[in-house]
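Here's the letter readout for the chains.
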Amino acid sequence: MEIDPLDLDAICELVNIGVGKAAGILSEMTGSVIELTIPNVSIYSQDEFSQILSQIGKDRYSAISLDFQGVFSGMTYSIFPAESAHVLIDAVTGDEISDNEYERPFSSIDAETLKEIGNILINGVMGSITNVLQSQLTYSLPSYCEADIPALIQNVRQEHREAVLLAETHMFIRNLNIEGKILIIMGAESFETLVRRVREISRG
Amino acid sequence: MSQQKNLSVITEFSDALPVGICVIDRKRKILIWNRTLAEWSGHLSEVMVGENLMELYPDLNTPSYRSRIDQVMDGGPPAVFSSQLHRSFIPCTKADGTSRVQQTSVIRYAGGNPDHPCAMIIIEDVTDLDHEIRSVRQMKDQALLEVQERKKAEEALENLNAKLNLLSSVTRHDILNKIMVIDGFLGFAEDLTSDATQAEYLRHVRAAAMVIQNILLFNRQYEQLGIEDAGWFSIDTLIETLDTEERLPIYSACKGVSIYCDPMLEKVFYNLYDNALRHAMGATRIDLACQPSSSGLLIAWEDDGSGIPEDDKEEIFKRGFGKNTGMGLFLVREILAITGIAITETGEEGKGARFEISVPEGAYRIANPA
Amino acid sequence: MPTILIIDDSSFQRTIIKKTLTNEQFTCIEADNGRLGLEMAEKENPDAILVDLLMPDMDGIEFLKVIQEKKISIPVLVFTSDIQDTTRDLCLKLGARSFLNKPLRQEELVPAIRKVLELPGDA
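First things first, this report covers the structure right here in the doc. Along each chain, residues carry numbers from 1 onward, in the same order as the chain's sequence is written. Each chain is given a letter, starting from A, and each ligand a number, starting from 1, according to the order in which they appear as written. Restriction of local features to residues with pLDDT of at least 70 applies here, the model being predicted, together with a cutoff of 80 or more for giving and counting side-chain atom pairs; totals for whole chains, interfaces and linings are based on all residues. Side-chain measures were taken over the full set of non-hydrogen atoms in the model, leaving aside hydrogen atoms and water.

## Notes on the state of the cysteines
Here is step 1 of the chain: The term disulfide is used for any two cysteine sulfur atoms that are within 2.5 Å. All chains considered together, the criterion is met by one disulfide over all chains.
Here is step 2 of the chain: Linked covalently through their sulfurs, Cys254 of chain B and Cys290 of chain B form a disulfide whose S-S length is 2.1 Å. Residues Cys254 of chain B and Cys290 of chain B share a disulfide whose torsion about the S-S bond is about 100 degrees; that sign makes it right-handed. Highlighted residues: Cys254 of chain B in the loop between strand S7 (250–253) and strand S8 (257–261) and Cys290 of chain B in strand S9 (residues 286–293), separated in sequence by 36 residues.
Here is step 3 of the chain: Type-normalised accessible area, obtained with a 1.4 Å probe on protein chains alone, sets the label of each residue: buried when under 20%, exposed when over 50%, and partly exposed for intermediate values. On the basis of relative accessibility, which here comes to 0%, the residue Cys254 of chain B falls in the buried class.
Here is step 4 of the chain: Note on Cys12 of chain A: no disulfide assigned, nearest cysteine sulfur contributed by Cys91 of chain C at a separation of 20 Å.
Here is step 5 of the chain: For Cys12 of chain A, a relative accessible area of 18% gives the class buried.
Here is step 6 of the chain: Cys261 of chain B carries a free sulfur, and the closest cysteine sulfur to it, the one in Cys290 of chain B, is 13 Å from it.
Here is step 7 of the chain: Cys261 of chain B gets classed as buried once you look at its relative accessible area, which sits at 0%. Here a strand is any run of E in DSSP of at least two residues, a helix any run of H or I of at least four, and the numbering for each starts at the N terminus.

See the structure below:
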């Protein structure tokens, strides 16, 4: 399905609203003001997946995943590079944010914490999307893993990985840059449903 | 009515589960409060059902709880509340007075009536797990602290060692200078004296001065032990660098063998060879062989000279033994010992000396023949 | 018919708001960034301004500051995806008459506008 700049603009706005909501919750949990920036949203079809790698690199990420089914089926990931994940963990647990511990591996406690943060981000964005879809989806509980992008995509059922929506967000907590990305991997039909629905709202 | 019927099925089901379950409607009215949660909280289901959850637990009214539960009711994904960030979703005190650590998930529950969505709050007791994780973390922190302290102590020792080395090198340098002076003036005195007894005394003095000089020269070498990191050294390469004399050639059968040793390993072979030149009467050759054994690698250094008397086999490795500096074989044993290598003398008097060097497993390697 | 200036970089958002307000007999004019919005505010003199916060080329906070400095008396309503109380407080301090969260609900937006315009039916 061909999408035009207006479609992308609408999807970007939905992500924006979701991230804003998540940031509000994180701000309360950290007791710090969170500065938001405009997320950068891009969409890839199946034969453009290799471009995702050139866009965001081959690093391993801390990833929180959530599976969804319904008129819109697939998997959403909230992913963080190690450094951002450590800043976030320190910020929400109230630990002093230290910049010399980024090499340390994530403990099971860290993973639990990240799972909740990722859950907040995913719920913000998915909530915003289901709001326009006006259809009830069923979801799995979030889970945590560490992997690179190709592995994350491979993890999704074949028929549900025909399109990828990548949203790159930057937040600043106490002047520290937190890079978080949302990957929504879905079937072509699901993606068409979303675009159709967005067009109905804005044009029809 | 259908929702009511559904609720009673869910109630019955949830009462059988070992997790706390509470179902609330959009207005936060409690619809289900299962048996486990009643036991944990000390509030009976009969009392709780119909009450407003937020009025009973006002902490749940803060936006980070309220808006996340709203998101779930609005059709969003489940919300998880980790035990690390929210230690108790519903405060529950255990019999011993400590509080129950909880991990909570909130999922949407349509309950047969999509117009009136509910939220199901599922609470797991992770107190034991939490304690375990905490004690492991404490142990890790303690271990890290100890490592840091040890590191500091090591650094202090290194500093002290460096100071001592500096002091000893300066002192040695000064004494060696003075010995040169003594040696020079003794020469003059010997030339001047015509008294035989006096000349004899002067020779004793010079001999004593030379012993002092040797002790200091050995001391300088010994100080280098263990200063440089150990590394891999090829035996053949070390043998090739020895300045061998025509009368005593070395035949090595240790091609491709390397051992892990202090860089002063070259002094080992130098001393063994020097020792043979000085003491192996009638020797015509030295044979060097390498043989893997049950405990590692056995390197044999053998000459065909006069050999070493039974009584001296251990004595030769002691400091001060022998006619020359008395330091050679002592130093050899010390150098090898740094990386766990042992040396003994096993030859037969009259047939030749044989030094056996035992290299432990992992401290030697043999290159594949090309 | 009161004129409302909508300033948002998202055309999707502008379209939805315009639809909602047109149904309620408002006239809408649009700008996709704060700088352009300021020019239009001065030139067109709308009855109220709806401004987003996160925008390229003069964001909403900057826009509020300039409106205050220039002593422009048109009431400004902020609508944003940022739900933080600190953001709300800052906007109100900078003279915003109302602070609304996205996604905008018709039942919130229309009364808020009627209220600042002191039109009947804001109850």
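## Notes on helix H1 (residues 5–30) of chain A
Residues and elements named next belong to chain A.
Here is step 1 of the chain: One less than the number of residues in a helix, times 1.5 Å, gives the span that helix is expected to have. Its 26 residues place the ends of H1 36 Å apart at the C-alpha level, agreeing with the 38 Å of an ideal helix rising 1.5 Å per residue.
Here is step 2 of the chain: Burial analysis of H1 places 21 of its 26 residues in the buried class, which makes it a mostly covered element.
Here is step 3 of the chain: Capping of H1 at its N-terminal end is provided by Asp4; its side-chain oxygen lies 3.0 Å from the backbone amide nitrogen of Leu6. Here a polar contact is recorded for every N or O atom pair within 3.5 Å, except that within protein the pair must consist of a potential hydrogen donor and a potential acceptor, and residues adjacent in sequence are included only if both atoms are side-chain atoms.

## A word on the pattern of salt bridges
Here is step 1 of the chain: Counted as salt bridges are all cases of a side-chain nitrogen of Lys or Arg within 4 Å of a carboxyl oxygen of Asp or Glu. Throughout the structure, instances matching the rule amount to 33 salt bridges over all chains.
Here is step 2 of the chain: We note a salt bridge from Arg199 of chain A to Asp7 of chain A, for which the minimum N-O separation is 2.5 Å. Of this pair, Arg199 of chain A sits in helix H6 (residues 188–202) while Asp7 of chain A sits in helix H1; the two residues are 192 residues apart in sequence, bridging distant segments of the chain.
Here is step 3 of the chain: The partner of Lys70 of chain C in a salt bridge is Glu42 of chain C, and the shortest N-O contact between them spans 3.2 Å. Residue Lys70 of chain C is found in the loop between helix H3 (60–69) and strand S4 (76–80), and its partner Glu42 of chain C is found in helix H2 (residues 34–44); the two are separated by 28 residues along the sequence.
Here is step 4 of the chain: Among the charged side chains, a network of salt bridges with common partners joins Glu13 of chain A together with Asp8, Asp52 and Lys102 of chain C.

## Concerning the side chain of Gln71 of chain B
Here is step 1 of the chain: Within the secondary structure, Gln71 of chain B is located in helix H5 (residues 63–73).
Here is step 2 of the chain: For Gln71 of chain B, a relative accessible area of 9% corresponds to the buried category.
Here is step 3 of the chain: Aside from chain neighbours lying at most four places away, what touches Gln71 of chain B is Lys21, Asn123 and Gly124 of chain A together with Gly76 of chain B. The contact rule is simple, with two residues in contact once any of their heavy atoms fall within 4.5 Å.

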